[in-house]
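Examining the three-dimensional arrangement
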Amino acid sequence: MTDDVLGAIEAQLVARRPESRVEPSLEGIRDLVDLLGNPQRAYPVLHIGGTNGKTSTARMADALLRELNLRTGRYTSPHLQSVTERIVIDGEPIAPARFAGTYAEIKPYLDLVDSKHDVPLGYFEVLTALAYAAFADTPVEAAVVEVGMGGAWDATNVADGRVSVVTPIAVDHVEYLGDTIEEIATEKAGIIKPGGYAILGPQTATAAQILLARIAETGATVARQGLEFGLRSREMAVGGQVIGLQGLTGPYDEIFLPLHGEYQAHNAAAALAAVEAFVGGGREPLDADLVRAAFSRVTSPGRLEALRRGPVVLADAAHNPAGAAALAAALTEEFAGTALVAVVAAMADKDVEGILTELEPVVEAVVVTENSSPRTMPLDDLANIAVDVFGQDRVHQAVPLPEAIDTGLRLAEREESLGGYGVVVTGSVVTAGDARVAFGAAS
């Protein structure tokens, strides 16, 4: 099976309707999974929504479930390098041959569903059905499923999560979800199902009020970070951090988490509580040694990931102001003595000014560039926004991305003190993925 075959399948999916064009309806995907025998009902689902931190939380929950000897499926989006990253079975991306085979099995049903609706099935809907079918065929014993966008009408929501996790909610995808926290939280609350268990990450008062109203409406059991579970302690360590967590059933201490940033410690707390709820209803503690073993092996590519050290090159998928704020906080804490330059490429429909505003205080300069997506913001447009935020003297331009990284390293070297120097490549998941390709990081 070659990359050409995967590329051809992806081209067919994008031709239907690209992922960036969302149809806010479950009618098509419901018809499709009905024809497939509702594979999403063949296993219990741990459903993860929110704005930022979903993929990392999903990877942590998956690692915990596998450490408990459960056969797992994990579905996340978007991908950094290969579409097969999205569908993971027992910790490994789906084999290209199996991906193609599953697509061939569901393909005859796609036109049948399209014939019943004005809007054809799109990229994400078909891929979601493919993932659910692959998990049922394995079969898996638990599926960890990340929401693509929103919640109530997201294609993944044809599954009823035994446990629903809502990571911190912020403003993003305003063209589909609305431009207020109230509107966005209302959409994201839609993954909380009757009789389920809702795990709430840190939320604003507005978002929390809406989520709790949905929980009351559905009769779900709730656990809130900072109340029923949370982060007990945290200290930086070589290669990551050592954290203590308060689970639903008690404390878990001396956990090494090989990821950077306080936000990852909060993601770990949510993942732990979610798994406690998933396997024991939040009443039975997990084996602490198994918890430590699971977290010690967690990876989260493209999330404050060190692609090189000396000088350091970091890749981070922050693509909205809230994500950029979390990145800035982590850089301030863990790379305080390092002269850093930001290398930024972003999508044209994002709040780029908000992203750059969060980064400006913690980097010496910015190199604006373009990523490999057709939706990338044109270089001149990005440069104009960057000048408004950073000032003319701190803004530089370079394409393609590898040249922008080299430019950033030269600029950072000029600012070096005793703490070393480096670049942080950010602005989009695609940008982080392009950086990983440039440095030969495995997908």
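Refer to the structure presented above.
Just so it is clear, the model here is predicted, and its values are computed rather than measured.

So, the overall build of the chain
- When its secondary structure is counted, the chain shows 15 helices and 17 strands.
- For 443 residues, the compact-globule formula gives about 22 Å, and the C-alpha radius of gyration of the chain, at 21 Å, lands near that figure.
- Each principal axis of the C-alpha atoms in the chain carries an extent, and together these give about 60 × 50 × 40 Å.
- Expressed as a percentage of its 443 residues, the buried residues of the chain come to 56%.
- If you sum the accessible surface of the chain, you get close to 17200 Å²; carbon and sulfur atoms cover 49% of it.
- Between the centroid of the 33 positive side chains of the chain and the centroid of its 60 negative side chains there is a distance of 5 Å.

Considering the layout of surface pockets
- Of the pockets and cavities examined, the second largest pocket occupies roughly 460 Å³.
- Listed by contribution, the elements that provide at least two residues to the lining of the second largest pocket are helix 3 (54-67) and strand 4 (92-93).
- Split by residue class, the lining of the second largest pocket holds nine nonpolar, seven polar and ten charged.

Describing the pattern of salt bridges
- Under the criterion given, the structure shown has 19 salt bridges.
- A salt bridge links Glu19 to Arg86, with the nearest nitrogen and oxygen atoms 2.8 Å apart. Taken together, the positions of Glu19 in the loop between helix 1 (3-16) and helix 2 (27-35) and Arg86 in the loop between strand 2 (72-75) and strand 3 (87-89) put the pair 67 residues apart, joining distant regions of the chain.
- Exposure remark for Glu19: the relative accessible area of 27% places this residue in the partly exposed category.
- Taking the shortest distance from any N to any O, the salt bridge between Arg224 and Glu228 comes out at 2.6 Å.
- Overall, Glu228 belongs to the partly exposed group, its relative accessible area being 27%.
- A single network of salt bridges, built from pairs that share partners, joins Arg16, Asp111 and Asp114.

Some points on the sheet that holds strand 15 (residues 365-368)
- Strand order across the open sheet formed by six strands is 12-13-17-14-15-16, with mixed pairing between neighbours. A single partner strand is all that each edge strand has here, and the edge strands are strand 12 (305-308) and strand 16 (395-397). The sheet shows a mean angle of 25° between the axes of neighbouring strands, taken without regard to direction.
- Here three bridges tie strand 12 to strand 13 (residues 312-315), and the two strands are oriented antiparallel to one another. Bridging across to strand 13, Arg308 finds its partner in Val313.
- In the packing of helix 14 (residues 401-414) onto the sheet, the strands contacted are strand 12, strand 13, strand 14 (339-344), strand 15, strand 16 and strand 17 (421-426), and the crossing angle to strand 17 comes to about 145°.

Here's the deal with the packing of aromatic side chains
- Counted according to the given criterion, the structure contains two aromatic pairs.
- On the basis of an interplanar angle of 75° and a centroid distance of 6.1 Å, the ring pair of Tyr43 and Phe135 is categorised as edge-to-face. With Tyr43 in the loop between helix 2 and strand 1 (45-49) and Phe135 in helix 5 (residues 123-137), this pair connects stretches of sequence that are 92 residues apart. Taken as a pair, Tyr43 and Phe135 share a single burial class, namely buried.
- Seen from their ring centres, Tyr75 and Phe124 are 5.9 Å apart, and the 25° between their planes marks the pair as stacked. With Tyr75 in strand 2 and Phe124 in helix 5, this pair connects stretches of sequence that are 49 residues apart. Each member of the pair, Tyr75 as well as Phe124, is classed as buried.
- Between Arg162 and the ring centre of Phe278, over which it is positioned, the NZ or CZ distance is 5.0 Å.

Section: unusual backbone geometry
- Each neighbour pair has its own omega, and for Ser77 with Pro78 the value is -10°, a cis peptide bond.
- With respect to the helices and strands, the residue Pro78 is situated in the loop between strand 2 and strand 3.
- The omega torsion across Val399 and Pro400 is -5°, close enough to zero to call that bond cis.
- With a phi close to 70°, Asn69 is a non-glycine residue in the positive phi region.
- Within the fold, Asn69 resides in the loop between helix 3 and strand 2.
- On the accessibility criterion, Asn69 (68% relative accessible area) is exposed.

Some details on a nonpolar patch on the surface
- The grouping of Leu35, Tyr109 and Leu112 at the surface amounts to a nonpolar patch, some 250 Å² of accessible area in total.
- Relative to the elements of secondary structure, Leu112 occurs in helix 4 (residues 96-114).
- By relative accessible area, Leu112 is classed as partly exposed at 45%.

Describing the pairing of strand 10 (residues 240-246)
- Within strand 10, six of the seven residues are buried, which leaves the element mostly enclosed by the surrounding structure.
- Examined bridge by bridge, strand 9 (residues 230-237) and strand 10 share seven bridges and lie antiparallel to one another. Opposite Leu231, over in strand 10, you have Leu245 as the bridge partner.
- Bridge analysis of strand 10 against strand 11 (residues 251-257) gives five bridges, and the strand direction is antiparallel. Residue Val242 lies in a different strand from strand 11, and its bridge partner there is Phe256.
- Turn length for the strand 10-strand 11 hairpin, with the two strands adjacent in sequence and antiparallel, is four residues, and the turn residue Gly250 shows positive phi of about 150°.

Criteria and thresholds
- Residues numbered from 1 in each chain as written.
- Predicted model: local features only at pLDDT ≥ 70, side-chain atom pairs only at ≥ 80, totals over all residues.
- Heavy atoms only, no water.
- Helix = DSSP H or I, 4+ residues; strand = E, 2+ residues; numbered from the N terminus.
- Rg over C-alpha atoms; globule rule 2.2 N^0.38 Å.
- Buried < 20%, exposed > 50% of the residue type's maximum accessible area, 1.4 Å probe, protein only.
- Areas by Shrake-Rupley, 256 points an atom, 1.4 Å probe, with all protein chains shown as cover.
- Lys, Arg positive; Asp, Glu negative; His and termini not counted.
- Charge placed at Lys NZ, Arg CZ, Asp CG, Glu CD.
- 1 Å grid on protein atoms, 1.4 Å probe; cavity = no way out; pocket = protein on both sides within 12 Å on 5 of 7 lines; lining within 4 Å.
- Points joined across faces, edges and corners; volume = space filled by probe spheres on them.
- Nonpolar A, V, L, I, M, F, W, Y, C, P; charged D, E, K, R; others polar.
- Salt bridge = Lys/Arg side-chain N within 4 Å of Asp/Glu carboxyl O.
- Pairing = 2+ DSSP bridges.
- Axes fitted to C-alpha atoms, helices over the stretch in contact; angles between N-to-C directions.
- Contact = heavy atoms within 4.5 Å.
- Phe/Tyr/Trp six-rings, centres within 6.5 Å; stacked < 30°, edge-to-face > 60°.
- Lys NZ or Arg CZ within 6 Å of the ring centre and 35° of its normal.
- Patch = residues over 30% accessible without salt bridge, like charges linked within 9 Å, V, L, I, M, F, W, Y side chains within 5 Å.

Geometry only, nothing functional implied.
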